[in-house]
Each structure stands twice: as C-alpha cells, then as structure tokens.
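Take a look at the letters that make up each chain.
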Amino acid sequence: MRISRTIAAALALFATPLSAQSGTSQPASGQWRFDTDADLSATLDCFEAAGQTVIAAHRGGPTPGLPENSIEAMDALLHAVPAIMEVDVAVSSDRMLFLLHDDTLDRTTNLTGEAAALDWRALSQARLRDEAGWVTPYRIPTLEQALRWAKNRTVLEIDFKRDTPRDDVIAMIRAEGMAQGVVLIAYSLDQAKELHALAPEMLVSYSMERPSALEEAVAAGIPADRLLAFTGIRTPRPELYNILDDADVEVIFGTLGGRNSIDNLLDRYGIDARYAELGEEGVDIIATDRPRAAGEALAGAGRLQQAGQCGVSRSAE
C-alpha cells in the first residue's frame, strides 16, 4: 500500500506539464513528441537556428516512484517537458538486449548478482527500484520495447554497456525504423569509428574536449555532420563551442555527475537560470539529471522547443 501511494503521488507531481513558454500558451496536458522519421541532423540544426536548447534526460529522467531506464519514467517526463532520453543497453546471457545501467542488479532491482549472467526469462521477473530504493511494479524493458515506445515520441541516446553487441543493437534500431531517432554514444575514437562503420546513417556522440578531437575524428573517416560533440561535465568552454559551431557540429554538455555535479550545485544555490545561460553560450544539448528544472529555466528564457517548430508537436490528450 505504501508503495502504491508513493507511485501515485510521484505520477501526479512529476507528470505536470510546463504551462508557459516565452510568452506562448501551451496545452495544459498532452505529451511532447519529436518526429523520429525526419533527418535528425537537420532537426538539430533547426533547433540551433531557432535559438533552442535540447534537454537530454540522463537514464531516462527517473523520479520518485519512476525508476531509471524505465519506459514509465520516460513517458511521464514527456508529459512535462520536451526531451530526448539517454538510456543504457545491456545484454543477457541469451543475447536479449535490455535497458540497465549497472553491471549488477542490486541497486536498481529487487534481484542481486551480475545481470549478464542471467537469461532474459530470469531478468524479466525483476522489479525495478526507484532512486530511494523502493521496489516498484515496473519491469526491466527490452531495447525493442523502448524503441517501439520512442518511435515518433523522442530520440534515444544509446549508451552501450560492457559486452553489449553493437551490431545487434544497430540491427534492431534499423528493424524498428529508428535510424533517425537515435544517437550512438562513443567513448573513444576506435568506438566512434566502429559505430560509424556499422551505422553511417546514424549520429555518433563522441567526446571532444579539445578542438583537435574533431580533426582526429574527421581524419579517421567520420564526417563532421555525423558527429555530436560531448564536451564534458565540469567546465563550460564557449571558445570550444564556437569552433564546433563553425564546423556545424552540435555541442553536448553534461550538468550531471553525482554529488558535486553542476546539477546539484544549481539546485543547492537556487540558480537554475544557469541552464539557459549554457544554451546562450553555445550548448545545443544539456545532458542532465534535472530535466524538469532545466526545462523550466529554458522555457523562461525562450530557449525551449515549441509545438509546431522543427518537427516538435504536443498531443491534445
């Protein structure tokens, strides 16, 4: 009973949509949607030209009662704010692709042990925990379920966990018609090269904390228009953003990162307006653990997506 009340309260609180945006009136309800059939690079260019900043919800934007990497958390978030979703893809012992961040099940589910050691039949029985540790009714979603849910709703940033077969993930993305609805995350130049070779039609997020990183990626055969630049989580660098902008490469900056993250500092000192300032400094996508707060700040500064613009819509439900 206590769990049910917790979840009900969370849904009522966190599904509340933004009510105002830069002087425009938005519907009081309904879900934000991105057109995942449109060319994603062109969509991001459209946002940039309109002076808008995109929110990327880390681990799908979990909230009390709604666990990380769950469809339920992502679905609730889209009723509150337009956002793309970063998710983590793992693989079971029988090669089922599913969403889970940790190598072990202990923190995020009611099971224990190494996730990759279990088959999907066992994993599918797990119940997800929320951030407070409460066991919820929600189950681990498969990648297939997540892609089908995301189709013409939102973009998924795919973070490959240990031993996850990239070719299998890409084959499933194509099978679900989501090639323009994903961003593939690479942590090294070798990973970026591999992902581009496997999926030249998809965008790759690659760490670029110095201008030479872009030059190296292009020299390795990855066109600049297939790249997004992840520029770290500590220090904003407007001068680097200018260089990347000149090369038509969108900038991602992370405000996430645990106790000492920028997210937590902005929350602690009540300076959420900094999210909008990051956009004004050249950040195209803010990767955050506080997507709702970032959305409010961006909306107040007129930098949040609006229905009818750049393929973004909002249902009237």
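Residues numbered from 1 in each chain as written. Predicted model: local features only at pLDDT ≥ 70, side-chain atom pairs only at ≥ 80, totals over all residues. Heavy atoms only, no water.

An unreviewed UniProt entry lists the chain under the name Glycerophosphodiester phosphodiesterase, with Alteriqipengyuania halimionae as the source organism.

A. Broad picture of the state of the cysteines. Per the stated rule, a full pass over the model turns up one disulfide. Covalent S-S linkage joins Cys46 and Cys310, the inter-sulfur distance amounting to 2.1 Å. When the S-S torsion is -75°, as for the bridge of Cys46 with Cys310, the disulfide is left-handed. Taken together, the residues Cys46 in helix H2 (residues 40–49) and Cys310 in the loop between helix H12 (291–300) and strand E13 (312–314) connect sequence positions 264 residues apart. Taking relative accessible area as the criterion, Cys46 reaches 31% and is therefore assigned partly exposed. (Disulfide = S-S within 2.5 Å. Helix = DSSP H or I, 4+ residues; strand = E, 2+ residues; numbered from the N terminus. Buried < 20%, exposed > 50% of the residue type's maximum accessible area, 1.4 Å probe, protein only.)

B. Layout of the packing of helix H3 (residues 71–78) against helix H5 (residues 143–150). H5 packs onto H3 with a crossing angle of 15° between their chain directions and a minimal axis gap of 11 Å. In terms of axis orientation, H3 runs roughly parallel to H5. Crossing handedness for the pair H3 and H5: right-handed. Between H3, through Ile71, Met74, Asp75 and Leu78, and H5, the contact on the second element is made entirely by Gln145, Ala146 and Trp149. Of the residues contributing to the contact of H3 with H5, the split by class is five nonpolar, one polar and one charged. (Axes fitted to C-alpha atoms, helices over the stretch in contact; angles between N-to-C directions. Parallel < 35°, antiparallel > 145°, perpendicular 65-115°, else oblique. Left-handed = near helix turned anticlockwise from the far one by under 90°. Contact = heavy atoms within 4.5 Å. Nonpolar A, V, L, I, M, F, W, Y, C, P; charged D, E, K, R; others polar.)

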